[in-house]
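Close look at the chain arrangement
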Amino acid sequence: MKKASLKSSFLLFLAAFIWGVAFVAQSVGMDYMGPLSFNGVRFLMGSLVLLPIVIRNRKKRAKEGIKQTELKAAFKGGICCGSVLCVAALLQQYGIIYTTVGKAGFITTLYIILVPVFGIFLKKKIPGKIWTGAAVAALGMYFLCMSEEFRLSKGDTLVFICAVLFSVHILVIDYFSPKTDGVELSCLQFLTAGIMASIGAAVFEHPHIQYFIDGILPLAYAGILSIGVAYTLQVIGQKDTDPAVASLILSMESVVSMLAGWVILGQELTVRELFGCMLVFFAVILVQLPDRNKSIKS
């Protein structure tokens, strides 16, 4: 494995670990404030954390005579990525209120399968293993989410829609990340998402400053680490990694979320739900296995 590829893989895994634990912070944060308020503040915190780095990097490149990336491309990418991220994260935040941290983590992981499937719209050929993986994942979702009344819970439904949007987010980042600086793109997408969520919070939730003071710990983790650090690791890591491989590594957040929910919050899954988790994770691994023909040629 090339050194650059190994480094990118490590950065993506670190992001997945931080996100897995962040499910706990997001769940605890709902004890203090509404989803819009929580997301608005944590995205703005993430943007502010990165702003000094953006300024320093631009000054350093200017001093060394290195050509700067165009701000126009960065703003365009930031607005597009931030808009999708805002809606996806909001659905996830609402969903966590009505489901467990572990289930939310595994349902979110379905973006691994959805990313290559969405390649249909980009006129890409879809291998048979993708459809097999989708079928296995659907069966896993049945055991993981369906109740005895054959009904998908409100929380599971919201998190599933969130997974669809995170698939779009990965593809949008893949489009813009080669065209601009990764840190700048992260900073601007967080700023966009933070402003959108904050406006929504002011209109629908009317938050009080005391809410944020009381919930400062989950906010700090979700804002500084999950947003400011992990999403930036994703953007930087994806530059030298295929989107499908990147989504495989990022899928480890599902395992981390289940363990974190069990260790920190004491949330447990039934045998039926654990079996569903295993099927979903098997499907995620299956769709990322290298093709036999490619393995022979290499």
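To keep things clear, this report deals only with the structure shown in the data block. (Residues numbered from 1 in each chain as written. Predicted model: local features only at pLDDT ≥ 70, side-chain atom pairs only at ≥ 80, totals over all residues. Heavy atoms only, no water.)

Some points on the pattern of salt bridges
Our working definition: Salt bridges are identified by distance alone: a Lys or Arg side-chain nitrogen within 4 Å of an Asp or Glu carboxyl oxygen. Helix and strand assignments follow DSSP, with helices taken as H or I runs no shorter than four residues and strands as E runs no shorter than two, numbered in order from the N terminus. Per-residue accessibility, obtained with a 1.4 Å probe over protein chains only, is compared with the maximum for each type, and a residue is labelled buried under 20%, exposed over 50%, and partly exposed between these values.
Tallying each qualifying case throughout the model produces two salt bridges. In this structure, D156 and K103 form a salt bridge, with 3.3 Å as the shortest nitrogen-oxygen distance. Separated by 53 residues along the polypeptide, D156 in helix α7 (residues 154–176) and K103 in helix α4 (residues 101–108) bring together distant segments of the chain. Grouping residues by exposure puts D156 and K103 together as buried.

Some points on the packing of aromatic side chains
What counts, and what does not: For this analysis, a ring pair means two rings from Phe, Tyr or Trp (six-membered ring only for Trp) whose centres lie within 6.5 Å, classed as stacked if their planes differ by under 30 degrees, edge-to-face if by over 60, and tilted for the remaining angles. Whether a charge sits over a ring depends on NZ of Lys or CZ of Arg being within 6 Å of the ring centre and within 35 degrees of the ring normal.
The tally for this structure, following the rule as stated, stands at two aromatic pairs. Considering the side-chain rings of F43 and F190, the 6.4 Å spacing of their centres and the 20° angle between planes classify their relative orientation as stacked. Of this pair, F43 sits in helix α2 (residues 35–63) while F190 sits in helix α8 (residues 182–204); the two residues are 147 residues apart in sequence, bridging distant segments of the chain. An identical accessibility class is assigned to F43 and F190; each is buried. Taking 4.9 Å as the distance between ring centres and 90° as the angle between the ring planes, the aromatic pair formed by Y175 and F176 counts as edge-to-face. Y175 sits in the partly exposed class, given a relative accessible area of 48%. Residue placement shows R42 over the ring face of F43; its charged tip is 5.1 Å from the ring centre. Looking at K179, its charged tip hangs above the ring of Y175, at a distance of 3.9 Å from the centre.

A word on the environment of L11
Rule in force here: Here, residues are in contact when the closest pair of their heavy atoms is within 4.5 Å.
The topology assignment puts L11 in helix α1 (residues 3–29). Note on L11: relative accessible area 14%, which makes it buried. In this structure, L11 is in contact with L233 and I236, ignoring residues within four places of it in sequence.

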